[in-house]
Amino acid sequence: MTSPALTTEHIAGLPITPTSPVIVNRTLHPDADLTMLPAFGDPWWDLTAALPDRHSPRPRIYWDRFPEQFMHACKLYVFALVNLDEPRMTRSRPTIPAIKTLYADLAALQFFLAWLADRGITAFAEVTDDDLNAYLNHLTDLTARTSDWKRKKLLAVQRLHAYRDTLPPRHRLPAPRPWGGATAGELAEHEGHKLRENRTPRIHPDVMHPLLSAALLVSTTIAADLLPTARRLVAMRHLAHQVAPDSRRQPGLIGTARRRALLEHCRGHLLPALTAAGLPLPGRRLRGMMTIDIDGLTVGGWLDRVQLRKFPALRDAIADSGLPVKVNWLRVTGFTTIGHRTWRSTSVEATELVELLRHVTTACFLVTAYLSGIRTGEALNLRRGCITHDTKLGQIFLSGQQMKTSDDRRERSPRTIPWVVTEPVAHAISVLEDLTPGPVLFPLGEFCSPQWIDASRHSCRRSSSITANIAEFIAWFNSSIVPTTGHPTIGEDPEGSITAPRLRRTLAWHIVRKPGGTIAGATQYGHLHTNIIRGYAGNAASGFLDEITFEEFLLRAETLHDDHQRLTRGEHVSGPAADTYKDRVAAASRFAGLTITTPAQVNNALANPDLQVHHGALLTCVYRPATAACQDDGTGDGPVWGRCRLTCRNAARTDRDITALRDHVRGLTADLDGPVLPDPLRRRVELRLAEHQRALTEHETTRPAPTPTIGVPA
């Protein structure tokens, strides 16, 4: 316990005593253990109750790791961080810091505290401007450290200063803002975060296509073969954990103590519980005889394989239980044919089933996170019952805990309608609900471990853990499933490991580019985009539209660069907007070098008239709202291709468009030659062909004559 101050101190009018609760003005997690809330005088503070998610490590602050002379002042400061809005800092808005933010900030602050202690300073009130400048110089001289590392150290000091007015006078830094009005990034010469999530590298399409295809295959076909046995395994293991005596739960037991604990668990609790639940013992046929399935009983009953074979009293208890034995109760023996062969040729024992189910849950994560566009933490925090179907609207809603949003939007209920998803996501969620007995769909720990089975636990898997699971999934699929099914191999990505946050960035790229490939038909990216913008993912708070907008900007810039290269090589352009097309492409070629640092800049760039060149199936739209035939009121931020008119004044036709138009004309001509085309439709096709033919003729007749080559006499 730390020593309380001699006089009662106050933070924002709240008296501070050793018994004062630390978390006063925070929304607590619904699963928070109220008996574990920290008091001010405790030697360590666990802030987990105020953490809005359950996929992050527990934020525990151990005060004995702080210099003793600053310990009490830092406690007061952290109390203010936890309960008060952050005073306005340079280029930031007042808000209460996230628990993870303040926890990470303290690690950076400790570096400053150690530096002060080395200089003999014992209180924040003793710090001078010269000290702060010396600290800045000290950080600047650390050439081995990155600019981002330095930025965080400086920001921690600036945040401490921002809270100075909330702290007692002797715990305040000097009044002038540290280092003037410069930001921590400027002081550290850090280039800053440019659309942070957009800096995450995309997964290459040649990797993403087979990866998603593999995840869909495993979460549907392979999962369907494993689920009947998996449900029985989870039910039996859950029961075994529920009835286990305290002796079985003690870790590290060996020898006689372990045998006694296993015997008490099996004879006194597990076997009676199986009898009461009407469950059989798992069995198998071996050389024509039915016997106990040792693997199945070990895994399902939470027993010990070695002791089951060597401990006679344990075997006798099982034999005398009178429970029926069911062959293959916890073994998988039937497998679906994929292509021309089944994906598996030998039975799956219970011990291997646990490993396969871990890969199934990883596949379900990949499908859910990728096809919904939700953040990694939002996916890992999903809970049972998160899927609802609206039959009237014909939509599927995924309800979950939203990150980076207001408290009222964090409520996990269908009312919030956070995401509109497709059927593969709903199916993946249903598989997870079959495999997890508790409320969390991605519980902490390995499959069938106490953490996984215990329904009272609410912590979920960590981001680092799911990234490791993805790597294991890819290795398993390539070695075990690809050879038997002929499925394309999941290759190595040029940018390195497939981390969970890369899925969200990759989806935005695919939605904008809509590439073909192995899985293009199954994903229907255009349909995904429509669904996504209808729900929370289309809301500014989700940040996902920023991802899509940024990808649209990159695509527009790349396309215009290609257009400029083609014009330089002599590509011919015709149509009413041909001259405007050339002017805009030439102007856009000077657009290179623009630094984009915010979503607003991306939107402004996309609205730039010089970038309003849109390539369609048969023509190019040099978009101008006032003359757009597809717009009724002369407004709009882009062409509406469904209402496109071939005679529109915004139309231009490149050589590429003309090639596509000729192919289209050949198709329409073939339709006219058919004997069953209705007369009204025939007349429409004839009119359309006439328009197309005029466009083809105009394109060729306006093509500049080639420059004659002057021969050089030999």
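Owing to the predicted nature of the structure, the values given are computational and were not obtained by experimental measurement.

Conventions adopted
- Residues numbered from 1 in each chain as written.
- Predicted model: local features only at pLDDT ≥ 70, side-chain atom pairs only at ≥ 80, totals over all residues.
- Heavy atoms only, no water.
- Salt bridge = Lys/Arg side-chain N within 4 Å of Asp/Glu carboxyl O.
- Buried < 20%, exposed > 50% of the residue type's maximum accessible area, 1.4 Å probe, protein only.
- Axes fitted to C-alpha atoms, helices over the stretch in contact; angles between N-to-C directions.
- Helix = DSSP H or I, 4+ residues; strand = E, 2+ residues; numbered from the N terminus.
- Left-handed = near helix turned anticlockwise from the far one by under 90°.
- Contact = heavy atoms within 4.5 Å.
- Core = buried A, V, L, I, M, F, W, Y, C linked by side-chain atoms within 4.5 Å.
- Expected span 1.5 Å × (residues − 1).
- Pairing = 2+ DSSP bridges.
- Phe/Tyr/Trp six-rings, centres within 6.5 Å; stacked < 30°, edge-to-face > 60°.
- Lys NZ or Arg CZ within 6 Å of the ring centre and 35° of its normal.
- 1 Å grid on protein atoms, 1.4 Å probe; cavity = no way out; pocket = protein on both sides within 12 Å on 5 of 7 lines; lining within 4 Å.
- Points joined across faces, edges and corners; volume = space filled by probe spheres on them.
- Nonpolar A, V, L, I, M, F, W, Y, C, P; charged D, E, K, R; others polar.

**A few points about the pattern of salt bridges**
Logical step 1: Under the counting rule described, the total for this entry stands at 27 salt bridges.
Logical step 2: Note that Asp493 and Arg502 form a salt bridge whose closest N and O atoms lie 2.6 Å from each other.
Logical step 3: The exposure class assigned to Arg502 is buried, which follows from its relative accessible area of 2%.

**As for the packing of helix α12 (residues 350–372) against helix α15 (residues 423–435)**
Logical step 1: Axis separation between α12 and α15 bottoms out at 9 Å; the angle between their running directions is 145°. Along this stretch, α12 crosses α15, giving a crossing that reads as left-handed. Residues Leu357, Val360, Thr361, Cys364, Val367, Thr368, Leu371 and Ser372 of α12 form the contact with α15, whose own contacting residues are Pro424, Val425, Ala428, Ile429, Val431, Leu432 and Leu435.

**What to know about the nonpolar core**
Logical step 1: Ranked by internal contacts, the top residues of the largest apolar core, which has 99 residues, are Leu226, Phe365, Leu398, Phe473 and Phe477.
Logical step 2: Broken down by element, this core gets its largest block of residues, 19 residues, from helix α6 (residues 205–243).
Logical step 3: Excluding residues that lie within four positions of it along the chain, Phe473 makes contacts with Leu211, Ala214, Ala215, Val218, His359, Thr362, Ala363 and Leu366.
Logical step 4: Judged by nonpolar contacts, the second largest core, of 53 residues, contains Val22, Ala32, Val78 and Leu109.

**Some points on α12**
Logical step 1: Here α12 contains 23 residues, and its C-alpha end-to-end distance of 32 Å stays within 8% of the 33 Å for a straight helix at 1.5 Å per residue.
Logical step 2: For α12, the buried fraction is high: 20 of the 23 residues fall into the buried class.
Logical step 3: At the C-terminal side of α12, Gly373 shows a positive phi close to 80°.

**Topic: the pairing of strand β11 (residues 395–398)**
Logical step 1: Across the two faces of β11 the burial is the same, with Gln395 and Phe397 and Ile396 and Leu398 all buried.
Logical step 2: Relative to β11, strand β10 (residues 387–390) runs antiparallel, the two being bridged by four bridges. Across the sheet, Asp390 pairs through a bridge with Gln395, a residue of β11.
Logical step 3: Turn length for the β10-β11 hairpin, with the two strands adjacent in sequence and antiparallel, is four residues, and the turn residue Gly394 shows positive phi of about 70°.

**Topic: the packing of aromatic side chains**
Logical step 1: The full count for this structure, using the stated rule, is 16 aromatic pairs.
Logical step 2: The interplanar angle of 50° and the centroid separation of 6.5 Å between the aromatic rings of Phe111 and Tyr135 together place this pair among those described as tilted. A residue pair is termed long-range when its members are at least 10 positions apart, and Phe111 in helix α2 (residues 99–118) and Tyr135 in helix α3 (residues 129–140) qualify at 24 residues.
Logical step 3: Residue class for Tyr135 comes out buried when judged on its relative accessible area of 0%.
Logical step 4: On the basis of an interplanar angle of 55° and a centroid distance of 4.9 Å, the ring pair of Phe447 and Trp452 is categorised as tilted.
Logical step 5: Residue class for Trp452 comes out buried when judged on its relative accessible area of 3%.
Logical step 6: Counting every residue linked through ring pairs, the aromatic cluster contains Phe111, Phe112, Trp115, Tyr135 and Trp149.
Logical step 7: The lysine or arginine in question, Arg145, covers the ring of Trp149, its NZ or CZ lying 4.3 Å from the ring centre.

**Structural notes on empty space enclosed by the protein**
Logical step 1: Applying the stated criterion across every chain, the model contains three cavities of 30 Å³ or more.
Logical step 2: The calculated volume of the largest cavity comes to roughly 90 Å³.
Logical step 3: As for the largest cavity, its lining consists of Leu619, Cys621, Ala629, Cys630, Pro639, Val640, Trp641, Cys644, Arg645, Cys648, Asn650 and Ala651.
Logical step 4: Looking at side-chain class alone, the lining of the largest cavity contains 10 nonpolar, one polar and one charged residues.

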